[in-house]
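Fold and geometry: a report
For reference, the chains in residue letters:
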Amino acid sequence: MKKTLILGALLLGSTLSSAFAGSGPIKIVLPEEADLLEPCMATRSNIGRVIMQNVSETLTELDLRGDKGLMPRLAEKWEQQSDGSWRFNLRQGVKFSDGTSFDAKDVKYSFDRVMSDKNVCESERYFGGMTISAEVVDDNTIDFKADPVQPILPLLLSLVTIVPEETPLEFIRKPVGTGPFKLTNWTPGQQIVLTGRDDYWGAKPSVTEATYLFRADPAVRAAMVQTGEADLSPSISQLDATNPATDFSYLDSETVYLRIDHNIEPLNDVRVRRALNMAIDREAFLGTLVPDGAVLATAIVPPPTLGWNPDVKVFPYDAAAAKKLLDEAKADGVKVDTPITIIARTANFPNVTEIMEAIQAQLQEAGFNIELKFVEVAEHEQYYSKPFKEGRGPQLVAAMHDNSKGDPSFSMFFKYASEGTQSGFSDPKVDDLIKRASAAVGDERAKLWSEVIALVHDEVVADVLLFHMVGFSRVSERLDYKPTMATNSTLQLSEIGIK
Amino acid sequence: MLSFIRKRAIASLISLVGLIVMVFFLSRLTGDPAALFLPVEASAEMKEQFREIHGLNDPLMVQFGRYVGDILTGDLGQSLRKARPALDVVLEAFVWTLWLAVITMTLVTVAAIVVGSLAAFRSGGFFDRFSSMVSLIGASVPDFWLAIVAIVVFSIQLAWLPTSGTGSIHHWILPISVLFVRPFGIIVQVVRGSMISALSSAYVKTARAKGVKSGPIIFIHALRNAMLPVITVIGDQAASLLNGAVIIETIFGFPGVGKLMIDSILQRDFNVVLAAILVTAVAIFLMNLLIDLTYALLDPRIRH
């Protein structure tokens, strides 16, 4: 009898401990406060890290943690119709945090709100160059018709957050969503608190409440996790990432490169562009000015992206060969001695000044005449995006591009098509290939994107691709969480376990 | 006295109007807010839509007229980035800055006067040399370095105080201590210099000859006369705190007006920039008025 009681008590104890262990509130310290908590702006990282998939959910979700690809979220399934439109079957029994029910009318309203001319939602930018209309079939079914037909429409809808149809068109500061958390406190300048919902449709996360704090200084963010004032800082500096038990580096979705302006001599000569690529010793930067773990880039998109081409190889570092190419161009009358200006953005990424100075020195070593100019973010945009200034000299614009969306279409048109706002050249062959890749599906789509990547790197030599960057996070030992490529833009609380 | 206040108010109002006009047009020279609000990949149509919604496509004079009209009704406009009234955003932050400035300057003033006066009384002695060394270090040490060192020592190593943030009285200790150091260093030097000259004056010698004790000589006879230059410096230091302590706010995550102002300039959130400048300018005007009144209180020659 006594033994049974003890055994019973032990069993009860272990059941209780497993029920109570592994859940609780956490504190997250971010570098920048959200200026808005507007769902249609959630593709901006300072907003998305707080509300994306925590408060506001999307129909579909791209799996950046594993390799499941596009996963269902508020849509249970979707299929393309014979006319090219997409039909989405919505999850039933879902409620918004204000108690109203989720249905197809909310989806239509959310999409129309993004496209409205009464506001400027950031997610609208993913729908440029197409006309899309949403038609409610019934409460749980909605059709999206796109002109031209959009093979990646389900992926695009992973960027549209769903709000109740009662939401005003103007920007809001108190988001209502279907996610596992609701906003319970926002004291501007101090904190944002999300509290777990009991009526969430999905699995209950281990995190019961998340308090977001904001500190601009990376050393302070790291110190806060060290002292227990916070449990997670998704971005700290490399210098502070000194504790292997809590600090993780992860390949983020940023790619650093020099955009070449092909319109101006001598950069209009492919030999000169090739020489630029061969004169830079990229390997020498790894573990020195660029953190170990960064990957040498052969594409403007990071490795897990569809169509990323493993056959494209980094230009070998060969200063002598670069010099020879320059000499050949010079012999043909190309003005290779013209000063070329590298335009870089102040504080764009860690060690940007030293990295650019080193690149300047390496290029000069190979015979280039390189000037270096640092500008603030607003001025940088004027150099980076069209319309380019008339009468400008030859320029290389150092920039960092982010694509964690899994598909090159979010990058390729902007960076390489003739009409792309940051494209430094115009090539009909590239335009045609981008157009065909954008319209293709499945394996054909991956194959065509691979071809685009090879074409712009090997033949066109469109730019000087440098590094796929890494970020550093500090995670308290009480949490079970590993940052991923998505951490730059979102931070799903449901992915955080508590030990 | 009332006419003095009225004259100062009118002069300050004129400066304020000039300031608003200047900042309005200068801020517009920095460029297009749409370029910073939207990502580089945003289409030209989206940028155009942003400008249209916020009235940035109108001629500059029309925008200015609208701004002046709104200001007369007490409306300083909406923040472009925060979708809420710019004045609310600024006042919320300014309250933190004001508390920080008031507490710090009160502590600095008391401490600097005591230390500076005692140093002057035994000029050349150990206390004088020691306090001179401490105040010179205080006036020269970079506050970002001091802030980080204070966090490492008091928050990480000793675990006595929180690293940053707000919420309890403990959160105020490190920011105020770091902010304290520089004005303290400067004001101690001024008090000391001013007191040395006051203590060597004829009326102090007379008081000594009459047998007045050291305490009353320092803190009643000499200090009152030595205070005029000290108050001027206190005013300067307080004004710089009212403008916001950007570095302290950044490191300690203090939601004050300094960082808000810098961020708004960098983001081209014009209405917040203007509201922040307006609020801090009014605060500095009121503080200068207070200083003028203190002069008059301390020195009958000014009063009359």
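Remember, it's a predicted structure, so these values are computed and weren't measured experimentally.

Cut-offs applied
Residues numbered from 1 in each chain as written. Chains lettered and ligands numbered in written order. Predicted model: local features only at pLDDT ≥ 70, side-chain atom pairs only at ≥ 80, totals over all residues. Helix = DSSP H or I, 4+ residues; strand = E, 2+ residues; numbered from the N terminus. Buried ≥ 20, exposed ≤ 12 C-beta atoms within 10 Å, placed from the backbone. Contact = placed C-beta atoms within 7 Å. Domains from an automatic or database assignment. Nonpolar A, V, L, I, M, F, W, Y, C, P; charged D, E, K, R; others polar. Expected span 1.5 Å × (residues − 1). Arc of directions from axis to C-beta. Axes fitted to C-alpha atoms, helices over the stretch in contact; angles between N-to-C directions. Left-handed = near helix turned anticlockwise from the far one by under 90°. Core = buried A, V, L, I, M, F, W, Y, C linked by C-beta atoms within 7 Å. Pairing = 2+ DSSP bridges. Parallel < 35°, antiparallel > 145°, perpendicular 65-115°, else oblique. pLDDT = per-residue confidence, 0-100.

**Focus: the overall build of chain B**
- A tally of helices and strands in chain B yields 14 helices and zero strands.
- Ordered by position in the sequence, the α and β elements of chain B form the string α-α-α-α-α-α-α-α-α-α-α-α-α-α.
- For the C-alpha atoms alone, the extent of chain B along its principal axes is close to 85 × 55 × 30 Å.
- Taken across its 304 residues, chain B has 36% of its residues classed as buried.
- A separation threshold of at least 6 residues defines the contact pool for chain B, and within that pool the share at least 24 residues apart is 71%.

**Some points on the overall build of chain A**
- Counting its regular elements, chain A contains twelve helices and 19 strands.
- For chain A, the spread of C-alpha atoms along the principal axes amounts to about 95 × 55 × 40 Å.
- Here the analysis covers contacts within chain A between residues at least 6 apart in sequence; of these, 70% occur between residues at least 24 apart.

**What about the domain arrangement of chain A?**
Residues and elements named next belong to chain A.
- The domain architecture assigned to chain A consists of domain 1 (21-56 + 179-246 + 476-499), domain 2 (57-171) and domain 3 (251-471).
- On a C-alpha basis, the centres of domain 2 and domain 3 stand 34 Å from each other.
- Contact residues are listed per partner, giving six residues for domain 2 and nine residues for domain 3.

**Focus on the domain arrangement of chain B**
All names here are of chain B.
- On domain assignment, one finds that chain B holds domain 1 (2-72) and domain 2 (86-303).
- Inter-centroid distance (C-alpha atoms) of domain 1 to domain 2 is 33 Å.
- Counting residues at the interface gives 13 residues for domain 1, matched by twelve residues for domain 2.
- Elements that contribute at least two residues to the side of domain 1 that touches domain 2 include exactly helix H1 (2-29) and helix H2 (33-37).
- Tallying contributions element by element places H1 first for the side of domain 1 that touches domain 2, with nine residues.
- Considered class by class, the residues forming the side of domain 1 that touches domain 2 number eight nonpolar, four polar and one charged.

**Some details on helix H6 (residues 126-140) of chain B**
All names here are of chain B.
- Taking 1.5 Å of rise per residue, 15 residues should cover 21 Å, and H6 covers 21 Å from first to last C-alpha, within 8% of that figure.
- Listed as buried for H6 are Ser131, Ser135 and Gly138. Taken end-on, H6 shows its buried residues confined to a sector of 55°, consistent with a single buried face. In this structure, H6 carries Phe126, Phe130, Met133, Ile137 and Ser140 as exposed residues pointing more than 90 degrees from its buried face.

**Thoughts on the packing of helix H5 (residues 86-121) of chain B against helix H8 (residues 170-199) of chain B**
All names here are of chain B.
- With their axes 7 Å apart at the nearest point, H5 and H8 run at an angle of 35° to one another. Both H5 and H8 take part in a crossing whose hand is right-handed.
- Residues of the contact of H5 with H8, tallied by class, amount to 23 nonpolar, three polar and one charged.

**Thoughts on the interface of chain A and chain B**
- Chain A puts 33 residues into the contact, and the matching count from chain B is 33 residues.
- Sorting the residues of the side of chain A that touches chain B by element identifies strand E10 (207-214), helix H5 (218-227) and helix H9 (377-384) of chain A as the ones contributing at least two each.
- Looking at which element gives the most residues to the side of chain A that touches chain B, the answer is H5 of chain A, with six residues.
- For the side of chain A that touches chain B, the per-class residue count stands at 15 nonpolar, eight polar and ten charged.

**A closer look at the nonpolar core**
- Grouped together as the largest cluster of nonpolar side chains are 136 residues, with contacts concentrated most on Ile28 of chain A together with Val90, Ile187, Val191, Ala275 and Ala276 of chain B.
- Contact partners of Ile28 of chain A, with chain neighbours within four places excluded, come to Ala210, Tyr212, Ala230, Asp231, Leu232 and Leu491 of chain A.
- Formed by 63 residues, the second largest nonpolar core is a distinct cluster that contains Ile280, Ala322, Tyr416 and Val452 of chain A.

**Some words on the pairing of strand E9 (residues 191-196) of chain A**
Residues and elements named next belong to chain A.
- Residues Ile192, Leu194 and Gly196 of E9 are buried on one face, while the alternating residues Gln191, Val193 and Thr195, pointing to the opposite face, are not.
- Pairing of strand E8 (residues 181-187) with E9 involves six bridges; the strand directions are antiparallel. Pairing of Thr187 across the sheet is with Gln191, part of E9.
- Linking two consecutive strands that pair antiparallel, namely E8 and E9, is a turn of three residues; a positive phi of about 85° is found at Gly189 within it.

**Re the sheet that holds strand E5 (residues 86-90) of chain A**
Residues and elements named next belong to chain A.
- Read across the sheet, four strands follow the order E4-E5-E7-E6 without closing on themselves; strand pairing throughout is antiparallel. The open sheet has two free edges, formed respectively by strand E4 (75-80) and strand E6 (131-138), since each of these has just one partner strand. The mean inter-strand angle of the sheet, taken between neighbouring strand axes irrespective of direction, is 20°.
- Sheet topology places E5 next to strand E7 (residues 141-147); four bridges connect them, and they run antiparallel. Residue pairing in the sheet places Asn89 in a bridge with Thr141 of E7.

**Here we look at the environment of Glu376 of chain A**
- Looking at the element boundaries, Glu376 of chain A is found in the loop between strand E15 (370-375) and H9.
- For the pair Glu376 of chain A and Asp432 of chain A, spaced 56 residues apart in sequence, the C-alpha separation works out to 35 Å.

**Some remarks on unusual backbone geometry**
Residues and elements named next belong to chain A.
- Here the bond from Asp147 into Pro148 is cis, since omega is -5°, no more than 30 degrees from zero.
- When you line up the elements, Pro148 lands in the loop between E7 and helix H4 (153-156).
- With an omega dihedral of 0°, the bond running from Lys386 to Pro387 counts as a cis peptide bond.
- Assignment of secondary structure puts Pro387 in the loop between H9 and strand E16 (395-402).
- In the Ramachandran plot, Gln53 falls in the positive-phi region, its phi being about 65° despite a non-glycine side chain.
- For Gln53, the location among the structural elements is in the loop between helix H2 (45-51) and strand E2 (60-62).
- Look at Gln53 and you get buried, because 24 C-beta atoms sit within 10 Å.

**A closer look at the pairing of E6 of chain A**
- Bridge count for E6 of chain A against E7 of chain A is seven bridges, and the pairing is antiparallel. Pairing of Ile132 of chain A across the sheet is with Ala146 of chain A, part of E7 of chain A.

**Some remarks on the packing of H5 of chain A against helix H7 (residues 143-157) of chain B**
- Relative orientation of the contacting elements H5 of chain A and H7 of chain B amounts to 0°, with a least axis distance of 11 Å. Between H5 of chain A and H7 of chain B, the angle falls in the class roughly parallel. Across the interface between the two elements, Ala219, Val220, Ala223, Gln226 and Thr227 of chain A from H5 of chain A touch Ile148, Ile151, Ser155 and Ile156 of chain B from H7 of chain B.
- For the contact of H5 of chain A with H7 of chain B, the per-class residue count stands at six nonpolar, three polar and no charged.

**Regarding the confidence of the model for chain B**
- Predicted confidence across chain B gives a mean pLDDT of 89, with 99% of residues reaching 70 or more.
- Across the predicted assembly, pTM comes out at 0.87 and ipTM at 0.86.

**What to know about helix H7 (residues 319-331) of chain A**
All names here are of chain A.
- In a regular helix each residue adds 1.5 Å, so 13 residues correspond to 18 Å; H7 covers 18 Å between its end C-alpha atoms and thus fits that length.
- Taken residue by residue, H7 has Ala322, Leu325, Leu326 and Ala329 as its buried positions. Considered in projection along H7, the buried side chains sweep an arc of 100° and stay on one side of the axis. Seen from the buried face of H7, the exposed residues on the opposite side, beyond 90 degrees, are Ala320 and Ala331.
- Where H7 is buried, its residues contact helix H6 (270-278).

**Let's talk about the environment of Thr141 of chain A**
All names here are of chain A.
- Residue position: Thr141 is located in strand E7.
- Measuring from C-alpha to C-alpha, the distance between Thr141 and Leu90 comes to 5.9 Å, with 51 residues separating the pair along the chain.
- In contact with Thr141, other than residues within four places in its own chain, are Arg87, Asn89, Leu90 and Ala104.

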